[in-house]
Protein chains: 2
Amino acid sequence: MYTFDKILSLINTEIKKLNWSRQPIGLYEPIGYVLSLGGKRIRPAIMLMAYNLYADDVISVIKPALGLEVFHNFTLLHDDIMDRADMRRGQMTVHKKWNDNTAILSGDVMQIEAYKLIAETPKKHLKEVLDLFSKTAAEICEGQQLDMEFETRTNVSTDEYIEMIRLKTAVLMAAGAKIGAILGGGNDEDASNLYDFGKAIGLVFQLKDDLLDVYGNEQNFGKKIGGDILCNKKTFLLIHALKKSERKNAEELNYWLNNNDENLGDKKIKVVTEIYNRLNIREACEEKMNYYYRKALDNLDKVQVPKAKKSELQKLAENLMHRID
Amino acid sequence: MYTFDKILSLINTEIKKLNWSRQPIGLYEPIGYVLSLGGKRIRPAIMLMAYNLYADDVISVIKPALGLEVFHNFTLLHDDIMDRADMRRGQMTVHKKWNDNTAILSGDVMQIEAYKLIAETPKKHLKEVLDLFSKTAAEICEGQQLDMEFETRTNVSTDEYIEMIRLKTAVLMAAGAKIGAILGGGNDEDASNLYDFGKAIGLVFQLKDDLLDVYGNEQNFGKKIGGDILCNKKTFLLIHALKKSERKNAEELNYWLNNNDENLGDKKIKVVTEIYNRLNIREACEEKMNYYYRKALDNLDKVQVPKAKKSELQKLAENLMHRID
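Residues numbered from 1 in each chain as written. Chains lettered and ligands numbered in written order. Predicted model: local features only at pLDDT ≥ 70, side-chain atom pairs only at ≥ 80, totals over all residues. Heavy atoms only, no water.

Asks: Sorry, what's going on with the overall build of chain A here?
Replies: Of the regular secondary structure elements, chain A holds 16 helices and 2 strands. Here the C-alpha radius of gyration of chain A, 20 Å, is about what a compact globule of 325 residues would show, namely 20 Å. Here the C-alpha coordinates of chain A stretch approximately 60 × 50 × 30 Å along the principal axes. For chain A, the proportion of its 325 residues judged to be buried stands at 59%. Sequence separation of at least 24 residues holds for 74% of the intrachain contacts in chain A that already meet a minimum separation of 6. When the accessible area of chain A is evaluated, it comes to approximately 13800 Å², of which 47% is carbon and sulfur surface. Side chains of chain A give 46 positive and 48 negative charges; the mean places of these two sets differ by 2 Å. (Helix = DSSP H or I, 4+ residues; strand = E, 2+ residues; numbered from the N terminus. Rg over C-alpha atoms; globule rule 2.2 N^0.38 Å. Buried < 20%, exposed > 50% of the residue type's maximum accessible area, 1.4 Å probe, protein only. Contact = heavy atoms within 4.5 Å. Areas by Shrake-Rupley, 256 points an atom, 1.4 Å probe, with all protein chains shown as cover. Lys, Arg positive; Asp, Glu negative; His and termini not counted. Charge placed at Lys NZ, Arg CZ, Asp CG, Glu CD.)

Asks: Any chance you could explain the environment of glycine 265 of chain B here in plain terms?
Replies: Residues and elements named next belong to chain B. Looking at the secondary structure, you find glycine 265 in helix H14 (residues 265-278). Its relative accessible area of 8% is what places glycine 265 among the buried residues. Sequence separation of glycine 265 and cysteine 231 is 34 residues, and the distance between their C-alpha atoms is 9.6 Å.

Asks: Explanation requested: the environment of aspartate 196 of chain B in the structure shown.
Replies: Relative to the assigned elements, aspartate 196 of chain B resides in helix H9 (residues 188-215). Each C-alpha atom, one on aspartate 196 of chain B and one on alanine 177 of chain B, is 8.7 Å from the other, the two residues being 19 residues apart in sequence.

Asks: Teacher, can you tell me more about the nonpolar core here?
Replies: Leu194 and Tyr276 of chain A together with Leu194 and Tyr276 of chain B are the most contacted members of the largest nonpolar core, which has 237 residues in total. No fewer than three residues from each of domain 1 (1-120) and domain 2 (126-325) of chain B sit in this core. (Core = buried A, V, L, I, M, F, W, Y, C linked by side-chain atoms within 4.5 Å. Domains from an automatic or database assignment.)

Asks: What's the story with helix H13 (residues 247-257) of chain A in this structure? I'm lost.
Replies: For an α-helix the count is 3.6 residues per turn, leaving residues at separations of three or four pointing the same way. Residue and element names in this part refer to chain A. Inspection of H13 places Asn249, Ala250, Leu253, Trp256 and Leu257 among the buried residues, and these make up the whole buried set. Along H13, the residues classed as buried sweep out an arc of 135 degrees about the axis, all on the same side. Those residues of H13 that are exposed and aimed more than 90 degrees away from the buried face are Arg247, Lys248 and Glu251. Packed against the buried residues of H13 are helix H12 (236-244) and helix H14 (265-278). (Arc of directions from axis to C-beta.)

Asks: Just to check I follow, could you spell out the pattern of salt bridges for this structure?
Replies: Where charged atoms from two side chains of opposite charge come close, those side chains can pair. Residues and elements named next belong to chain A. Evaluation of the coordinates by the stated rule reveals 48 salt bridges over all chains. Lysine 199 is the salt-bridge partner of aspartate 196, the closest N and O atoms lying 3.8 Å from each other. Taken as a pair, aspartate 196 and lysine 199 lie in helix H9 (residues 188-215) at a separation of 3 residues, close to a single helical turn. Given the relative accessible area of 25%, aspartate 196 is considered partly exposed. (Salt bridge = Lys/Arg side-chain N within 4 Å of Asp/Glu carboxyl O.)

Asks: Would you mind showing me how to read the relation of the copies chain B and chain A here?
Replies: In summary, the two copies of the chain are related to each other by a rotation about an axis coupled with a shift along it. With an RMSD of 0.0 Å, the fit of chain B onto chain A corresponds to turning through 180 degrees and sliding 0.0 Å along the axis. Those values place the two copies in the arrangement expected of a two-fold rotation axis. Both copies present the same face, since 100% of the interface residues in chain B are matched by interface residues at the equivalent positions in chain A. (Least-squares fit on C-alpha atoms with pLDDT ≥ 70 in both.)

Asks: Teacher, can you tell me more about the interface of chain B and chain A here?
Replies: Many structure descriptions define interface size as the accessible area lost when the parts assemble. On the chain A side, the residues contacting the 38 residues of chain B number 38 residues. Of the roughly 3200 Å² buried where chain B meets chain A, counting both sides, 70% is carbon and sulfur surface. Broken down residue by residue, the surface that chain B buries against chain A is led by Leu105, Ile112 and Lys127 of chain B, which jointly contribute 18%. A salt bridge links lysine 127 of chain A to glutamate 120 of chain B; its shortest N-O distance comes to 3.4 Å. For the interface between chain B and chain A, the tally reads 12 residue pairs in polar contact (both at pLDDT 80 or more). Elements supplying a minimum of two residues to the side of chain B that touches chain A: helix H2 (25-36), helix H4 (62-82), helix H6 (100-118) and helix H7 (123-151) of chain B. For the side of chain B that touches chain A, the element with the highest residue contribution is H7 of chain B, accounting for 16 residues. Tallied by class, the residues present in the side of chain B that touches chain A amount to 20 nonpolar, 8 polar and 10 charged. (Buried area = accessible area lost by both parts, 1.4 Å probe. Polar contact = N/O pair within 3.5 Å; in protein donor to acceptor, adjacent residues only side chain to side chain. Nonpolar A, V, L, I, M, F, W, Y, C, P; charged D, E, K, R; others polar.)

Asks: Which parts of the structure should I look at to understand the side chain of arginine 41 of chain B?
Replies: All names here are of chain B. Tracing the chain through its elements places arginine 41 in the loop between H2 and helix H3 (42-51). When its relative accessible area of 5% is taken as the criterion, arginine 41 is described as buried. Within the structure, the side chain of arginine 41 is placed 2.8 Å from the backbone oxygen of leucine 35, a separation counted as a polar contact. Residue contacts for arginine 41: discarding those within four places in its chain leaves Leu8, Ile11, Asn12, Ile15, Leu35, Glu69 and Asn73.

Right, dumping it as structure tokens:
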């Protein structure tokens, strides 16, 4: 059985082996750049760990696992254009380092390269995996669309928010877990439970991201605390605060949502965080996370393999729940 | 046996049946819009006609044929962002009618929808068709990259130009013809000859496009004559003229390449066309087209099915060669 760390190092070794020194350089170089920036590699890891519940030759399905990671990084590349984000993982984003056209076109070919890797799925399961992957890929675009639509709306509900992050973030983790089960030879029930496990930890993952952006430690988190507050991002925290706030808190929150004076950025972060504190938003978010965390463990419980085999996936869920970066 | 017209009407009927009334509307509506603008539908037509050389149940492979058309239209959608083109087929482009972000994201999901249709290939041939499709799709991105790189270069050779249009335009027609052969049950030699046939008529198609932009009839062509000249597009005509021109012609051509005064647009078109005329550029382009046209017919000749079966593909080649729109 592979530990999470072993799987992670396998993934990173294999990602480095992918060759992007191809012609035309201007098209393929940004792909190598994006993949070299690092990342948690959670999606391929979940897939390989789910596969490892049933089979040992993890390396034999590394290609489709890398396909998930390449696809994920493609979405980051294009999202960064749409969000006009200049930095990603402490480095310049592709559209900033090169330009918009390069980011669009390199992203396009990166999506194709993801499909090429997915197509390396053993033939027996190709059609099933391909269909699940395409369905998931389309859902991720739907999530990004909703996320952008939320920017100009003031009445987003927490349910709508959860649906958006289900699409934008959770389904790829879910699909990863399910693909692992399919390729490993797990039965349909297991595949479905692992899908739900992946979905639930995906939701935990994103809620934790929202939380860390306000309550994280700058050193650990690796980016400036309060970024979401500065750009009025509709996170779980803001949506919940908008719902819970009344009178003075509501007035103050709205005042700062309409105040985008860059010189007052630090003040804005400080005040909005204080409002969150007064409204116990952190606790509400942690409660939501706990709800999905328990759901994840329940689903993992139902998977019909010996408990010991599931310890690594359980640890992963714990780590995502308690991560500080 | 299906005539070209019958196949075309089948394709248009089936394209209309694709349902884009999905949530979120803002994501899927532009796809329906782009596909409703029309187009020649040559790529799926070639595929179905090649298939029809071997098998009669053309409708059974309509889905992957539509996949080629959806993919082609996706590339137009994204190319129009990169080229800042406001009009396409007499209508506003997606990034103009909506905005850049919509065009990027709808394009992304359109590419996924193309893959979903390709995945409807009969299972027996799925892996082979999928690999050929992905290879081709990546090549098309490479072609677009080269095309953009040519914009800032002054020393593009005609060989480089042919390589660029091979990638950007011809390989999708080639792949269409080959996929038709594979699915129909043609042997490897036939599949390879049909690929070369498709590639050659793809080159003819693009060279004709370059020609019509200068020497076409505005009514028939459906867009303003001289558009390529106005934006200094590196077409076969311009590249060949830059190579052949000396002294006064070269001076004059360079003067107008550096003159982008919008008020002098008509003059620019007139003068550059006169230079082309003096240098017999039209004849050089027609000679090149003839070369590939003969190549196409030679390749079709080698395909091991009765001559009568090949008459529709031959007519298609003729039509592309002599088209006026």
